[in-house]
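Residues per chain are reported as follows:
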Amino acid sequence: MTQSIIIKKPQVTANDIRIIGSRKSGKTTYLASLLRMPEQLKKQFKGLKITAISDDAEDLIGSAKDILEQGAIFTGTDIGDEPYFAFQISIPATKKSPAITLNLNVKDYSGETFECAAIPQKSSEFEEYLEDWLSAQSWMIMLTDWETENDRKIYAPALKKLLKELSEQSEVNEHLKKLKVAVVMSKCERGELWPCRLDAEEDLFRVRLKETYQVLKENLPPSRLRFFACSSFGVLSNSYGEHDPRPNRWIPDDGSSAEFSAYLRDASIWQPFGLISPLYWLTTGRVFHDERL
Ligand SMILES: Nc1nc2c(ncn2[C@@H]2O[C@H](COP(=O)(O)OP(=O)(O)OP(=O)(O)O)[C@@H](O)[C@H]2O)c(=O)[nH]1
Ligand SMILES: [Mg+2]
């Protein structure tokens, strides 16, 4: 009797995403770290491939090498000239899921554009960005601090406005009824956040950004909203058997904060956390099983 072997074809799926969020929340560093894919991740996840497609994406890999790995930081993203990164993530098959390739187009916005949504006097500027955001299939919203003042006066009102527009436009544009939103807390190598990364919704957003969380939950069904934690820098070691949870970051000793002015400390052991999970969920609707990625 001949045995038939069934070879599952890798799935291929595409997505068009906008990354928006508060100022200096780490959006550009996130994309640069992902595209650069440090050696530590390559070793740990054999067969994982990230390939730049557009020139902007190629250039960002260069910036990761020339800036982040040299212990420097990006200048803020310019308004009006937002880069559009096209790249591909190929994830090999695991016991739990088949091999998959994600073809992604991701546009990176400056934090000011998101904060405009909370300022009524800036509504005409906001309308311009909004038009482009509403042409996408997914949004990644990146936040990094939980000052009560920002929660109440910037993040919650900005999201309220954004989601109100989304809901109104959904009446005339069917595809918007499917738009998904991944809300990401960045820089989670910070000591008080690292243990909370395992349940970002409960332990980060619900308890720390109460009003923002409430606005999101009231305006989006669970199938279109999910919360994530990530760190572009990671900790010194997150491998089994050799944990060293000290952040792989360096903060200038001028009183700066770990939230807004940190640098990568040691590029040779650079191992970001949680970079792929939000993109995977936004694109497939499924939860990625290895949160370290
Ligand atoms: N501690 C820590 N700092 C980070 C991380 N990612 C980025 N940063 C720092 O956050 C600051 C801002 O990073 P950017 O990537 O420029 O932030 P952005 O959201 O693109 O900023 P805008 O374009 O101005 O909105 C820099 O000092 C980065 O080094 C991280 O994972 N951990
Ligand atoms: Mg930026």
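Residues numbered from 1 in each chain as written. Chains lettered and ligands numbered in written order. Predicted model: local features only at pLDDT ≥ 70, side-chain atom pairs only at ≥ 80, totals over all residues.

Chemist: Please clarify how the overall build of the protein chain should be interpreted in this entry.
Modeler: When you go through the protein chain residue by residue, the secondary structure sums to nine helices and 11 strands. Relative to the compact-globule value of 19 Å for 293 residues, the protein chain shows a C-alpha radius of gyration of 19 Å, a close match. If one aligns the C-alpha atoms of the protein chain with their principal axes, the spans along those axes are about 70 × 55 × 40 Å. The buried share of the protein chain, taken over its 293 residues, is 40%. (Helix = DSSP H or I, 4+ residues; strand = E, 2+ residues; numbered from the N terminus. Rg over C-alpha atoms; globule rule 2.2 N^0.38 Å. Buried ≥ 20, exposed ≤ 12 C-beta atoms within 10 Å, placed from the backbone.)

Chemist: How should the site of ligand 1 be read in this particular structure?
Modeler: Near ligand 1, the surroundings consist of 25 residues, among which Gly-26, Thr-29, Gly-76, Thr-77 and Gly-111 are the closest. Tallied by class, the residues present in the shell around ligand 1 amount to seven nonpolar, 12 polar and six charged. (Near = placed C-beta within 6 Å. Nonpolar A, V, L, I, M, F, W, Y, C, P; charged D, E, K, R; others polar.)

Chemist: Is there a simple way to explain the sheet that holds strand β1 (residues 11-21) in this structure?
Modeler: As a general point, the strands of a sheet are linked pairwise by backbone hydrogen bonds and lie either parallel or antiparallel. Within the open sheet, the seven strands sit side by side as β2-β3-β4-β1-β5-β6-β7. Their pairing is mixed. Bordering the open sheet on either side are β2 (49-52) and β7 (225-229), each of which pairs with just one other strand. The mean angle between the axes of side-by-side strands here comes to 25 degrees, regardless of whether they run parallel or antiparallel. (Pairing = 2+ DSSP bridges. Axes fitted to C-alpha atoms, helices over the stretch in contact; angles between N-to-C directions.)

Chemist: I tried to follow unusual backbone geometry on my own but got confused; where do I start?
Modeler: One can expect most non-glycine residues to show negative phi and most peptide bonds to be in trans. Of note, Met-37 is a non-glycine position whose phi angle comes to about 40 degrees, a positive value. Here Met-37 lies in the loop between α1 (27-36) and α2 (39-44). Of note in the backbone geometry, Lys-187 takes a positive phi value of approximately 60 degrees without being a glycine. Relative to the elements of secondary structure, Lys-187 occurs in the loop between β6 (180-185) and α7 (200-208). Here Lys-187 falls in the buried class, since 26 other C-beta atoms lie within 10 Å of it.

Chemist: Would you take a moment to explain the packing of helix α6 (residues 148-170) against helix α8 (residues 210-219) for this structure?
Modeler: Two quantities define a packed helix pair, namely the angle between the axes and the distance from one axis to the other. Running from N to C, α6 and α8 point in directions that differ by 10 degrees, and their axes come no closer than 8 Å. Relative to α8, the element α6 lies roughly parallel. The segment α6 lies against α8, with Asp-151, Arg-152, Tyr-155, Ala-156, Leu-159, Lys-160, Leu-163 and Ser-167 engaging Lys-210, Glu-211, Thr-212, Val-215, Leu-216 and Asn-219. Of the residues assigned to the contact of α6 with α8, the class counts are six nonpolar, three polar and five charged. (Parallel < 35°, antiparallel > 145°, perpendicular 65-115°, else oblique. Contact = placed C-beta atoms within 7 Å.)

Chemist: What should I look at first to understand α8 in this one?
Modeler: Counting along an α-helix, one turn takes 3.6 residues, and residues three or four places apart therefore face a common direction. Residues of α8 that are buried: Thr-212, Tyr-213, Val-215 and Leu-216. Angularly, the buried residues of α8 cover 165 degrees about the axis, an arc narrow enough to put them on a single face. Residues of α8 that are buried make contact with α6, β6, α7 and β7. (Arc of directions from axis to C-beta.)

Chemist: Explain the nonpolar core here, please?
Modeler: One broad rule of soluble globular proteins: the nonpolar side chains tend to lie buried together. Ranked by size, the top nonpolar core spans 71 residues in total, and within it Leu-35, Met-140, Ile-141, Val-184 and Met-185 carry the most contacts. No other element matches the seven residues that α6 contributes to this core. Met-140 has contacts with Ile-17, Ile-19, Ala-182, Val-184, Pro-278 and Leu-282, leaving out every residue within four places of it along the chain. (Core = buried A, V, L, I, M, F, W, Y, C linked by C-beta atoms within 7 Å.)

Purely spatial values, then, with no claim about function.
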